[in-house]
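# Architecture at a glance
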Amino acid sequence: MRAYRDQYAELFNEGRNVVVMGISNDSPEELASWLKDEDFPYMFGSDAENDGATYALFGGGLRDNNMVDSRAVIVVGPDGRVAKVIPSFNQVDPAAYEELAAVIDEVTPEPEEG
């Protein structure tokens, strides 16, 4: 998640009309503490009490142990719809960021000048 934070302005178009959300099986208290400690500019959702059911509603899959996919990314567009679920995002692979940036650019195009 730190890699997302560090590339937020460039990758997520300064957050313009796109929602970045991390969902995990961690408790709300754990996520709130981590969010505060790391100063993340996006939100987290806890699926601890739902055994992965919330993440599944977004279109994500679950591992055999009902845990959320590893490093899953959900992109929600300006229309409030899920634009893309990337079930396993490799945060050290530059190609993964290119794929994510393409999805974000598709749902949040640069404003036309003029």
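In the block above lies the structure referred to throughout.
Bear in mind the structure is a predicted one, so any value in this text is a computation, not a measurement. (Residues numbered from 1 in each chain as written. Predicted model: local features only at pLDDT ≥ 70, side-chain atom pairs only at ≥ 80, totals over all residues. Heavy atoms only, no water.)

Here strand β3 (residues 73–76) shows a buried face lined by V73 and V75 and a second buried face lined by I74 and V76. For strand β1 (residues 19–24) and β3, the ladder comprises 3 bridges, and the chain directions are antiparallel. For M21, the partnering residue across the bridge sits in β3 and is I74. Where β3 meets strand β4 (residues 82–86), 4 bridges bridge the pair, whose relative direction is antiparallel. (Buried < 20%, exposed > 50% of the residue type's maximum accessible area, 1.4 Å probe, protein only. Helix = DSSP H or I, 4+ residues; strand = E, 2+ residues; numbered from the N terminus. Pairing = 2+ DSSP bridges.)

Another point: the nonpolar core. In terms of nonpolar packing, the biggest core is built from 10 residues, these being V18, V73, V75, I86, F89, A96, Y97, L100, V103 and I104. For this core, the secondary-structure elements that each account for two or more residues are β3 and α5 (94–107). Here this core takes 5 residues from α5, the largest share from any one element. If we skip the residues at most four places from it in the chain, V103 touches V75 and K84. Formed by 7 residues, the second largest nonpolar core is a distinct cluster that contains M21, I74, V76 and V85. (Core = buried A, V, L, I, M, F, W, Y, C linked by side-chain atoms within 4.5 Å. Contact = heavy atoms within 4.5 Å.)

The quantities given are spatial measurements derived from coordinates; they are silent on function.
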